Amino acid sequence: MADVVKFAKPAGFFDTFVRRPGPIKKNMHYCPGCGHGILHKLIAEAMADFKIKDHTVLIAPVGCAVFAYYYFDCYGVSSPHGRAPAIATAISRTNPDDVVISYQGDGDLASIGFNHILQAANRGENMTVFFVNNAIYGMTGGQMAPTTLPGQVTQTSPWGRSVEETGYPIKVCEMISQFEAPVYVERCALSTVPNIMKARNAVRKAIQNSMNKKGFSLVEFLSGCPVNLKMNAEQMNAFLNEKMTKFFPLGVYKDVADERAPVHHPVPTFDREKVIETLYPQAFDHAVEDNFRYKSPVFQKECKVKISGFGGQGVLSLGHVMAVMGKLRNFNVSWLPSYGPEMRGGTANCSVVFSHKHVGSPQADYNCDLMICMNQPSVDKFLGQLSPKGVLVYDASTISNPPTGPEQTVYGIRASDIAAEMGNQKMANSVILGAVIQMMQECLMNEDEKDDLDRAVEAALNESFASKPELAA
Amino acid sequence: METEKKKRVFRCDINGDECKGCGRCVIACPKHVLSMGTKLNKMSAPYAVYAGSGCIGCGGCFYSCPEPGAITIVEEVQD
Ligand SMILES: Cc1ncc(C[n+]2csc(CCOP(=O)(O)OP(=O)(O)O)c2C)c(N)n1
Ligand code: SF4
Ligand code: SF4
Ligand code: SF4
Ligand SMILES: [Mg+2]
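Residues numbered from 1 in each chain as written. Chains lettered and ligands numbered in written order. Predicted model: local features only at pLDDT ≥ 70, side-chain atom pairs only at ≥ 80, totals over all residues. Heavy atoms only, no water.

A. View of the coordination of the magnesium ion (ligand 5). All names here are of chain A. The magnesium ion (ligand 5) binds to the protein through Asp106 (OD), Asn134 (OD1) and Ile136 (O), with metal-donor distances spanning 2.0 to 2.2 Å. Coordination of the magnesium ion (ligand 5) draws on donor residues from a single chain, spaced D-x27-N-x1-I in sequence. Each member of the pair Asn134 and Ile136 is classed as buried. (Donors = N, O, S within 2.8 Å, 3.2 Å for Na, K, Ca; no water. Buried < 20%, exposed > 50% of the residue type's maximum accessible area, 1.4 Å probe, protein only.)

B. Quick peek at the environment of Phe7 of chain A. Positionally, Phe7 of chain A belongs in strand E1 (residues 2–7). For Phe7 of chain A, a relative accessible area of 17% puts it in the buried group. Sequence-wise, Phe7 of chain A and Arg200 of chain A are 193 residues apart; in three dimensions their C-alpha atoms are separated by 14 Å. Filtering out sequence-adjacent residues up to four positions away, Phe7 of chain A remains in contact with Gly57, Cys58, Gly59, Phe62, Tyr63, Ile71, Thr72 and Ile73 of chain B. (Helix = DSSP H or I, 4+ residues; strand = E, 2+ residues; numbered from the N terminus. Contact = heavy atoms within 4.5 Å.)

C. Representation of the confidence of the model for chain A. Per-residue confidence for chain A averages 92 on the pLDDT scale, and 95% of its residues sit at or above 70. Residue range residues 468–473 of chain A is modelled with pLDDT below 50. Its contacts to residues more than four positions away, or to other chains, number 12 contacts. (pLDDT = per-residue confidence, 0-100.)

D. Layout of the site of ligand 3. Close contacts around ligand 3 come from Cys12, Cys29, Pro30, Val33, Leu34, Cys55, Ile56, Gly57, Cys58, Gly59, Cys61 and Ile73 of chain B, and that covers them all. Residue composition of the shell around ligand 3, grouped by class: 10 nonpolar, 2 polar and no charged. (Near = heavy atom within 4 Å. Nonpolar A, V, L, I, M, F, W, Y, C, P; charged D, E, K, R; others polar.)

E. Spotlight on the site of ligand 4. As a structural note, the neighbourhood of ligand 4 is formed by Cys19, Lys20, Gly21, Cys22, Gly23, Arg24, Cys25, Met36, Cys65, Glu67, Ala70 and Ile71 of chain B. When the residues that make up the shell around ligand 4 are grouped by side-chain class, the tally is 7 nonpolar, 2 polar and 3 charged.

F. Structural view of the environment of Lys304 of chain A. Along the chain, Lys304 of chain A turns up in strand E9 (residues 303–310). If we skip the residues at most four places from it in the chain, Lys304 of chain A touches Val352, Val353, Gln363, Ala364, Tyr366, Asn367, Cys368, Asp369 and Leu370 of chain A.

G. Focus on the pairing of strand E4 (residues 71–77) of chain B. With respect to burial, E4 of chain B is a largely interior element, 5 of its 7 residues being buried. Relative to E4 of chain B, E1 of chain A is paired through 5 bridges, and the arrangement is antiparallel. Considered in E4 of chain B, the bridge of Val4 of chain A is made with Glu75 of chain B. Strand direction decides the pairing type here: strand E1 (residues 9–14) of chain B and E4 of chain B, joined by 6 bridges, are antiparallel. Bridge pairing in E4 of chain B places Phe10 of chain B opposite Glu75 of chain B. (Pairing = 2+ DSSP bridges.)

H. View of the packing of aromatic side chains. Per the stated rule, a full pass over the model turns up 12 aromatic pairs over all chains. Considering the side-chain rings of Tyr70 of chain A and Tyr71 of chain A, the 5.6 Å spacing of their centres and the 85° angle between planes classify their relative orientation as edge-to-face. Here Tyr70 of chain A and Tyr71 of chain A have matching classes, each one buried. By the ring-pair criterion, three or more aromatic residues cluster together here, those being Phe13, Phe17, Tyr30, Phe67, Tyr69, Tyr70, Tyr71 and Phe72 of chain A. Note that Lys41 of chain A overlies the ring of Phe62 of chain B, its terminal NZ or CZ placed 4.1 Å from the centroid. Stacked on the ring of Tyr366 of chain A, the Lys or Arg Lys304 of chain A has its end atom at 3.6 Å from the ring centre. (Phe/Tyr/Trp six-rings, centres within 6.5 Å; stacked < 30°, edge-to-face > 60°. Lys NZ or Arg CZ within 6 Å of the ring centre and 35° of its normal.)

I. Layout of the side chain of Ser387 of chain A. Along the chain, the position of Ser387 of chain A falls in strand E13 (residues 386–395). What Ser387 of chain A contacts, discounting residues up to four positions off in sequence, is Asn367, Cys368 and Gln408 of chain A.

J. Structural context of helix H10 (residues 315–328) of chain A. Between the first and last C-alpha of H10 of chain A there are 20 Å, a value that for 14 residues agrees with the 20 Å anticipated at 1.5 Å per step. Counting buried positions along H10 of chain A gives 14 out of 14 residues, so the element sits mostly inside the fold. (Expected span 1.5 Å × (residues − 1).)

K. Structural view of the interface of chain B and chain A. Listed as interface residues are 33 residues of chain B and, on the opposing side, 35 residues of chain A. Between chain B and chain A lies a buried interface of about 2900 Å² when both sides are counted; carbon and sulfur atoms form 59% of it. On the chain B side of the interface with chain A, the three residues burying the most area are Arg24, Tyr63 and Pro68 of chain B, jointly 28% of the side's total. Note that Arg11 of chain B and Asp3 of chain A form a salt bridge whose closest N and O atoms lie 2.8 Å from each other. On inspection of chain B and its partner chain A, the count reaches 17 residue pairs in polar contact (both at pLDDT 80 or more). Where the side of chain B that touches chain A is concerned, the elements lending two or more residues are E1, helix H1 (24–28), helix H2 (60–64) and E4 of chain B. It is E4 of chain B that contributes the most residues to the side of chain B that touches chain A, 7 residues altogether. Class assignment for the residues of the side of chain B that touches chain A results in 15 nonpolar, 8 polar and 10 charged. (Buried area = accessible area lost by both parts, 1.4 Å probe. Salt bridge = Lys/Arg side-chain N within 4 Å of Asp/Glu carboxyl O. Polar contact = N/O pair within 3.5 Å; in protein donor to acceptor, adjacent residues only side chain to side chain.)

Below, the structure is given as structure tokens:
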């Protein structure tokens, strides 16, 4: 007599779950009878049968399946709540030959991360989404989910879900299948054996679509959470088959994989030189060594600059040129334009931060070292954010007597008038830039540094205006 | 000459220590050869037991079971 194994723990699982803390190393952490376990087995079996363990990446969600990486013998990434499709997108785009699985619950997919899944589906990312719809927030103890049935009692719908108050269960397959890009959408139930066998086929089909680069596949699984729903195995199956399928009919919602050619998404570059070339297009002539540091004491600390004025005065461009100058001189810089509604004709502003260390907050909204104001409302609004020992540069054509403090240094330049005299009032921002450069050279720099600053200005102007589309404002 | 078709023999091995006693296999079995035992395992869960004969090797219990290694179905082959 010999035993021939017909069905056994699939090789897509680790034999022993060494990543799982505590003494239990052969069982998963799920409650008795949990649908996650059933689905895990189907996925592990398919991964082993298709021999794809070595190039499968499973993105685990926030929810009960958060520890999926304890169990699957493949690559894995843990995602913030609802963001698995974004991570899956990145992995799929950067590793187009991998099988990428986004594993998500109903709270995760259809609530906090709903926009993510819609956008990924609509882009037709080459990924497989396994969507576990158990009509509840399982992990957090049974709160109402977007898929909770009308009348269903949960921790947060103790009198039963009221559709008047919270609307109807969200039908994910029905929505996703309306998009052009997805190739395969099916709803299954992890309930009685015939339904589980259909789910098994769906798992395999979706994974094969990914292996064949057919694009976006989503399989929804009506799944039991017997603990939160307080049901035994029989009641759980009946709930899935009879109650849930009323709102969530089973079946194939879309299947066009056979008709579709493999998808091609642009593959990002990882080549360091290429990245530098793209980010710093013409900087090389005038750039400095990586270890270059200005010695002036003024640059030993983080410098915060706020630039403000009327939308259209070139406030953002001015900030951008300054940020590029810093970048070309090996500072860490940030340039944070404010795109508030005030940009449409009120006070526009941007923050620029220079530092030899990491930039902390990119927002310059207190203790600014340099404040540039190009109209009166900017003075009124932002002067209070200048450090007591800071420098104010303002357009004296339109601003008079800004109320500065005794230790602040103040430069009034008739920038708009000078620009108009030169033939174009729109160049007031360049006049201000010239003034700032002059001020820095006179107050802060030695001869070498002055020469270098000239080169940096030239390079920055080139980079900001030669190849870039025109900046807003 | 052996003309009579041999009856195939299957067995459901339940690893009691990996079973959580959810009862899903018991209701999945078309031959009603699984039941919930009365003893408790290492996790203090009750566990399913096989009647000892009658399994037809359909795999229904295996796919219904959420635990990775609780159920193994084997065919007993005469050599
Ligand atoms: C950003 C964020 N918000 C909220 C939570 C709390 N939280 C953890 S799991 C969960 C719901 C999970 O429900 P579901 O996606 O349905 O997964 P299940 O546990 O039911 O499988 C929530 C709200 C969190 N971890 N992170
Ligand atoms: S709470 Fe529900 S979904 Fe979570 S492990 Fe338990 S049964 Fe499964
Ligand atoms: S394999 Fe089929 S017949 Fe055998 S115990 Fe499991 S469900 Fe019953
Ligand atoms: S389905 Fe699995 S865990 Fe549940 S009782 Fe049967 S063997 Fe045990
Ligand atoms: Mg859920």
